[in-house]
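Spelled out, the chains give:
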Amino acid sequence: MAIQQISTKVEPQLIPTNAGLRTFATPPSALQNDIVPNDLYYIRNHWKECPEIDIATYRLNVDGEVNNPLSLSYEDLKQLPQKRFQVTFECCGNSPVPEYYTKALRISTVMEGIKGHGIMGNAEWAGVSLKDVLEKAGVKSSAVEVMFEGADHGPDETVGDPPEVTYERSLPLAKAMHPDTLLAYEMNGEPLPLNHGYPLRLLVSGWYGMNSVKWLVGLHVLDHEFKGFYQTERYMTANEPGAAIPYTYYTKLKVKSIITNPVPGEIIPASGYTLAGAAWSGEDKITKVEISADGGDTWSPVDVIHPNSGYSWYRWEYRWQPKGPGHYTLMSKATNDKGDTQPMEFPNKWDGRGYGNNMVFPFEAEVR
Ligand SMILES: Nc1nc2c(c(=O)[nH]1)N[C@H]1C(S)=C(S)[C@@H](COP(=O)(O)O)O[C@H]1N2
Ligand SMILES: [Mo]
């Protein structure tokens, strides 16, 4: 299959980082509605160019621990039963707190220049259940994981070493066989845009973004755990010194909430204002969102949590009557149906990577 490298084209409103045209954040105003439009959806690529795949010759190859290896065309995939629902995901480097990542690690340089929560989004995705494809191939009882191969490759972006590495990630068989783990070919009613993985991406509903491999060309069913570079050397947090297990790898999204209205810098009228935002918790349900206008001293439940759709974020609203003009520290705090609540501080301070930040975020607001 011929893969031609073409330049990334992006909407000027997307916020570039210093990661060399590989990561672009969604502007804060684009997080205010249910759906983030395709052209404002964050982009996180490991190389500057997207692989351009010729749809006429495209094949998704399925091999490894299967009874019938497959080579599926785009049309073959479209013939399978379609699933369509909303999914929110975020990069595990979203909401970076600069004090807690060490530039010496270089990994986190990708996040430099990004403030706020723009390395996330919510969209309506359509595609087929990965399970349907795996069942067609007949997974052997020896299978433990499925590895997903992207068409993009090159030297690792931060250290240039290894000089040649492909974007590959794996999932445990149970998550791969979950009917809501999709092979997505549509995003918000349009064919998957090039930046988001055209023609096909994995969509691991409820899990952090790096799991959802774009430009998907191979499914490899494995009888062992995959140890590839982007599986074991990236997207983890070092555990506290002395911990029995050295690293925690990111899988399902942690409970988290953000304030989207106001946007940073917006002046709030003293006559009152409807604060709004989003809350999500991966595979779990949001049961409570609370608001503080005094830096966390006192909390009130939000007025409305709108029902979510599929694996989308929950939108919430709270009518706030400030006591008068001045400066306020606003906060939102979400709790899920397992009883997990956002921590008040960044949870992985000793690590230096800055990943997995689901703290209660202070939002400095001015009322006039
Ligand atoms: N093939 C491939 N898939 C990939 C990546 C990549 O660079 N190459 N980046 C991953 C990361 S780190 C994230 S956060 C999401 C971003 O998806 P998006 O660019 O569509 O927002 O894609 C993931 N899938
Ligand atoms: Mo990411």
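Here, the structure is the one placed above.
Notes on the structure in this doc start here. (Residues numbered from 1 in each chain as written. Chains lettered and ligands numbered in written order. Predicted model: local features only at pLDDT ≥ 70, side-chain atom pairs only at ≥ 80, totals over all residues. Heavy atoms only, no water.)

### Here we look at the sheet that holds strand S2 (residues 15–16)
If you trace the 3 strands from one edge of the open sheet to the other, you get S2-S3-S4, paired in antiparallel fashion. Because the sheet does not close on itself, it has two edges, and the strands there are S2 and strand S4 (43–44). (Pairing = 2+ DSSP bridges. Helix = DSSP H or I, 4+ residues; strand = E, 2+ residues; numbered from the N terminus.)

### Side note on the pairing of strand S20 (residues 273–280)
Among the 8 residues of S20, 7 are classified as buried, and the element is accordingly described as predominantly covered. Note that S20 and strand S24 (residues 314–320) share 7 bridges and pair antiparallel. Across the sheet, the residue bridging to Ala 276 is Glu 317, located in S24. (Buried < 20%, exposed > 50% of the residue type's maximum accessible area, 1.4 Å probe, protein only.)

### Quick notes on the site of ligand 1
Close contacts around ligand 1 come from 19 residues, with Tyr 42, His 46, Asp 152, His 196 and Lys 214 the closest. Arg 201 places a side-chain nitrogen or oxygen 2.8 Å from an oxygen atom of ligand 1. Protein contact buries 100% of the 540 Å² of open area that ligand 1 shows by itself. Partitioning the shell around ligand 1 into residue classes produces 10 nonpolar, 5 polar and 4 charged. (Near = heavy atom within 4 Å. Polar contact = N/O pair within 3.5 Å; in protein donor to acceptor, adjacent residues only side chain to side chain. Areas by Shrake-Rupley, 256 points an atom, 1.4 Å probe, with all protein chains shown as cover. Nonpolar A, V, L, I, M, F, W, Y, C, P; charged D, E, K, R; others polar.)

### Observations concerning the pairing of strand S12 (residues 181–187)
For S12, a buried count of 7 out of 7 residues is recorded, marking the element as mostly surrounded by other parts of the structure. Pairing geometry for strand S9 (residues 120–129) and S12, over 5 bridges, is antiparallel. By the bridge assignment, Gly 127 is partnered in S12 with Ala 184. Judged from the 4 bridges that link them, S12 and strand S14 (residues 201–204) form a sheet pairing that is antiparallel. Bridging across to S14, Leu 183 finds its partner in Leu 202. Pairing geometry for S12 and strand S13 (residues 190–191), over 2 bridges, is antiparallel.

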